[in-house]
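# Chain and residue survey
Residues per chain are reported as follows:
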Amino acid sequence: QKDFTKYHCDLSINVIKYYPDELRKIETILENLANKLVSKSFFEDAEKVMVLRKRYFEYKSWEQIAVEVGCKYRNVHYIHGDALAAVSEILDEQK
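Only a predicted model underlies this, so the values are computations on that prediction, with no experimental measurement involved.

## Points about the nonpolar core
- The biggest cluster of nonpolar side chains holds eight residues, and these are Val51, Trp62, Ile65, Ala66, Val69, Cys71, Val76 and Ile79.
- Of all elements in the fold, only helix H4 (62–69) and helix H5 (73–94) reach the threshold of two or more residues within this core.
- For this core, the element with the highest residue contribution is H4, accounting for four residues.
- Setting aside anything within four residues of it in sequence, one finds Ile79 in contact with Glu47, Lys48, Val51 and Cys71.
- In this structure, Leu33, Leu52, Val87 and Ile90 belong to the second largest nonpolar core, which totals six residues.

Below you can see the structure in the form of structure tokens.
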């Protein structure tokens, strides 16, 4: 976990230093996505948000997520799929 975190810190520093214009574009896209998610009531489904947060921001395994969310391993994958489909639908609307 330490090496992984250090890698992401180093990567973040390089992106900020060498690609400021691209970073601003990404920030704009993420801000628009966040606004769309809020307007679509995405965050009212706490399980979807929790699964995505634990998987992509906390880097937890599927097994850990299942325990922490309080559902079966298989159900975590269903929730994850539904969450990604909802995010994908919102991203498609931005095109």
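## Structural notes on the pattern of salt bridges
- Applying the stated criterion across every chain, the model contains seven salt bridges.
- Residue Arg53 is joined to Glu58 by a salt bridge in which the shortest nitrogen-to-oxygen separation is 3.0 Å.
- By relative accessible area, Glu58 is classed as partly exposed at 28%.
- Connected via shared salt-bridge partners are Arg53, Lys54, Glu58, Lys60 and Glu68.

What counts as what
- Residues numbered from 1 in each chain as written.
- Predicted model: local features only at pLDDT ≥ 70, side-chain atom pairs only at ≥ 80, totals over all residues.
- Heavy atoms only, no water.
- Core = buried A, V, L, I, M, F, W, Y, C linked by side-chain atoms within 4.5 Å.
- Buried < 20%, exposed > 50% of the residue type's maximum accessible area, 1.4 Å probe, protein only.
- Helix = DSSP H or I, 4+ residues; strand = E, 2+ residues; numbered from the N terminus.
- Contact = heavy atoms within 4.5 Å.
- Salt bridge = Lys/Arg side-chain N within 4 Å of Asp/Glu carboxyl O.

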